[in-house]
Amino acid sequence: MDKETLETQASGPGTEPKYVALRYIMEAWEEAVYDGIDPDCIATAAIFAAMSDLISTYGEEPVARLAERLPERIRAGEFTVNKTKQ
């Protein structure tokens, strides 16, 4: 998907910057998987990139506090896209 397509999609519902950014990230993820990169490697690289950028912007302590809340958010399903039965 090219930039023009993403910009066209961004003009509809869910055009908040965070959703537009997520579409860019998901497209890059799909391309990397298509190119044969293991999803675990992509995930690790994405987490590293996100955390290092947040630390660069906000500092280590605020990001550490954000990370402390991740377990409860994960368990609450905040990051779950496809719900599975457990």
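The rules behind each value
- Per-chain numbering applies: the sequence of each chain, read as written, is numbered from 1 onward.
- A pLDDT threshold of at least 70 governs which residues receive local features in this predicted model, and a stricter bar of 80 or more applies before side-chain atom pairs are shown or counted, although totals over entire chains, interfaces and linings include all residues.
- As a rule here, side-chain values cover all heavy atoms of the structure and leave hydrogens and water aside.
- Secondary structure counts use DSSP, requiring at least four H or I residues in a row for a helix and at least two E residues in a row for a strand, with both numbered from the N terminus.
- Buried residues are those whose accessible area, probed at 1.4 Å on protein chains only, stays under 20% of the maximum for their type, while exposed residues exceed 50% and partly exposed ones sit between those limits.
- Only the protein chains shown count as cover for residues, and all accessible areas are computed by the Shrake-Rupley method using a 1.4 Å probe.
- In this scheme, a helix's expected span is set at 1.5 Å multiplied by one less than its residue total.
- Relevant arc is that of directions from the helix axis to the C-beta atoms, nothing else.
- A contact between two residues is defined here by any heavy atoms of the two lying within 4.5 Å.
- Convention adopted: a line fitted to C-alpha atoms gives each axis, helices being fitted over their contacting stretch, and angles between N-to-C directions are expressed from 0 to 180 degrees.
- Whether a crossing is left-handed or right-handed is set by the direction in which the near helix is turned from the far one by less than a right angle, anticlockwise for left-handed and clockwise for right-handed.
- Each residue receives one of three labels: charged for Asp, Glu, Lys and Arg, nonpolar for Ala, Val, Leu, Ile, Met, Phe, Trp, Tyr, Cys and Pro, and polar for the others, Gly being one of them.
- For this document, the term salt bridge refers to a Lys or Arg side-chain nitrogen within 4 Å of an Asp or Glu carboxyl oxygen.

Caption draft 1: How the structure looks around the overall build of the protein chain. Each helix and strand in the protein chain was counted, giving five helices and zero strands. When the helices and strands of the protein chain are read in sequence order from the N terminus, they spell out α-α-α-α-α. Burial status across the protein chain gives 9% buried among its 86 residues. Just so you have it, the protein chain exposes about 7300 Å², and 58% of that area is on carbon and sulfur atoms.

Caption draft 2: Geometry of helix α2 (residues 17-34). In this model, α2 (18 residues) spans 26 Å end to end at C-alpha, consistent with the 26 Å of a helix rising 1.5 Å per residue. Residues of α2 that are buried include every one of V20, E27 and A32, and no others. One side of α2 holds all its buried residues, which, seen down the axis, span an arc of 140°. Those residues of α2 hidden inside the fold are in contact with α3 (39-58). G36 occupies a position one or two residues after α2 and carries a positive phi of about 95°.

Caption draft 3: Local environment of the packing of α2 against α3. For the pair α2 and α3, the least separation of the axes is 10 Å and the interaxial angle reads 145°. The hand of the α2/α3 crossing is right-handed. Contacts between α2 and α3 pair W29, A32 and V33 from the former with P39, I42, A43 and A46 from the latter. Among the residues making up the contact of α2 with α3, the classes are represented as seven nonpolar, no polar and no charged.

Caption draft 4: Seen up close, the pattern of salt bridges. For the structure on display, the rule yields two salt bridges. The partner of E61 in a salt bridge is R65, with the nearest N and O atoms 3.8 Å apart. In this pair, E61 and R65 both sit in helix α4 (residues 60-68), four residues apart, roughly one turn of the helix. Accessibility expressed as a relative area gives 47% for E61, which makes it partly exposed. Take R65: its relative accessible area is 41%, and that puts it in the partly exposed class. In this structure, the salt-bridge partner of R73 is E78, at a minimum N-O distance of 2.5 Å. By relative accessible area, which is 45% here, E78 ends up partly exposed.

Structural measurements only, silent on function.
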